[in-house]
Amino acid sequence: MNNQFYGILPDIVDDIIANYNESDLLLGKTEKKLPVRSTIIDILNDLRRLLFPDYFNADRVDMNNAVYYTGQILSNLHKKLLHQVALALAYNDQIHSADSPEILQKSEDICCNFFKTIPLIQQKIFLDVQAGYDGDPAAKSKEQVVISYPGLYAIFVYRIAHELYKMHVPFIPRTMTEYAHSKTGIDINAGATIGQYFFMDHGTGIVIGETTVIGDYVKLYQGVTLGALSTRGGQRLAGVKRHPTIGDRVTIYSNATILGGETVIGKDSVIGGGAFITSSIPEKTRVSVTPPELSIKNDVKATLSATNYIYEI
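From a predicted model like this one, the values you see are computed outputs, not experimental measurements. (Residues numbered from 1 in each chain as written. Predicted model: local features only at pLDDT ≥ 70, side-chain atom pairs only at ≥ 80, totals over all residues. Heavy atoms only, no water.)

Visitor: Go over the sheet that holds strand S4 (residues 207–208), please, and point to the residues and values.
Guide: Ordered in space as S1-S4-S7-S10-S13, the five strands form an open sheet in which the pairing is parallel. Each of the sheet's edge strands pairs with one partner strand only, and the pair in question is strand S1 (187–188) and strand S13 (276–277). Bridge count for S1 against S4 is two bridges, and the pairing is parallel. If you follow Asp-187 over to S4, its bridge partner there is Val-207. (Pairing = 2+ DSSP bridges. Helix = DSSP H or I, 4+ residues; strand = E, 2+ residues; numbered from the N terminus.)

Shown next, in the form of structure tokens:
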């Protein structure tokens, strides 16, 4: 049996090597390297330990050792992030390598500017924790929200990635948010703009596109999609506003779909579960879907009528 495999092995190797040579995606044709996904995940874990000391680390952190603890984590984070940003910038640079003075200086500037935003990011996430506690009767404490709510983890990763996205760091922001997506089932593009006091109840299946703008005090339920009407234009649509704008204090219930860059949901509105919206909704509007009509046949199979939308102002 082994002899049979080793008989075909050289041909398989040759075919794979031919794919290597023909593809422009595979590494080895350049000295440059992509950022390391496992290190980016380590950076997220360190940032979570930084923002929530005593929650995600084995050592006891209190005000007696907080200065040392914070300084140590920040120093380690700087080394890790600096190298990954340099790799990301150099990979897209036709001239300079990751260890060139030009790339290293640009990476240092980005890292310093990023770390300056950490206190503000922390304050925003504290408000997100408060929103989770205030918005969920099942929440027993804010501590429970921090350690167990997937929506809180997804918004934490988003707020980190969004700052790097704004600084035009390639690869790393999307790697961060896709990691959160894989862990939580919540897909938030790093380019989206999300205001303060944001809460996703249950969260699974929520999709928030790159050019989405969300105001303050917004609450989403599971399965909500804030997407584009069409992506058939492909790369020609890059940088174009493709996703909706959600005003302040809007609540969107489960499985609602809101599409289009020109679609605006006015502030203080409520969007009912299952709604499908492709045009703007005025402020202080309640959008509901009429319950489907259930009919029972002799074979005990149920059929549902088409849904209709009711707009109540």
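Having put the structure on the table, let's press on.
Visitor: Would you mind going over the sheet that holds strand S8 (residues 245–246) in detail, with residue names and values included?
Guide: The sheet built from four strands is open, its strands ordered S2-S5-S8-S11 with parallel pairing. Of all strands in the sheet, those with a lone pairing partner are strand S2 (193–194) and strand S11 (264–265), marking the two edges. Looking at chain direction, S8 and S11 are connected through two bridges and run parallel. Of the residues in S11, the one forming a bridge with Thr-245 is Val-264.

Visitor: Lay out the packing of aromatic side chains with the relevant residues and their values.
Guide: Two descriptors summarise a pair of aromatic rings, namely the distance from one centre to the other and the angle between the planes of the rings. Applying the stated criterion across every chain, the model contains nine aromatic pairs. When the ring of Phe-52 is compared with that of Phe-126, the centres are 5.9 Å apart and the planes differ by 65 degrees; the resulting orientation is edge-to-face. Of the two residues, Phe-52 sits in the loop between helix H2 (37–51) and helix H3 (66–91) while Phe-126 sits in helix H4 (residues 101–135), which places them 74 residues apart along the sequence. A residue is classified by how much of its surface remains accessible, and Phe-52, at 6% relative accessible area, is buried. Judged by relative accessible area, which is 42%, Phe-126 ranks as partly exposed. Relative to Tyr-217, the ring of Tyr-197 lies with its centre 4.7 Å away and its plane at 40 degrees, an arrangement referred to as tilted. Of this pair, Tyr-197 sits in the loop between S2 and strand S3 (199–201) while Tyr-217 sits in the loop between strand S5 (213–214) and strand S6 (219–221); the two residues are 20 residues apart in sequence, bridging distant segments of the chain. On the accessibility criterion, Tyr-217 (41% relative accessible area) is partly exposed. Ring pairs connect the aromatic residues Phe-52, Tyr-55, Phe-56 and Phe-126, which therefore count as one cluster. Lying over the aromatic face of Phe-56, Arg-48 brings its terminal NZ or CZ to 3.8 Å of the ring centre. (Phe/Tyr/Trp six-rings, centres within 6.5 Å; stacked < 30°, edge-to-face > 60°. Buried < 20%, exposed > 50% of the residue type's maximum accessible area, 1.4 Å probe, protein only. Lys NZ or Arg CZ within 6 Å of the ring centre and 35° of its normal.)

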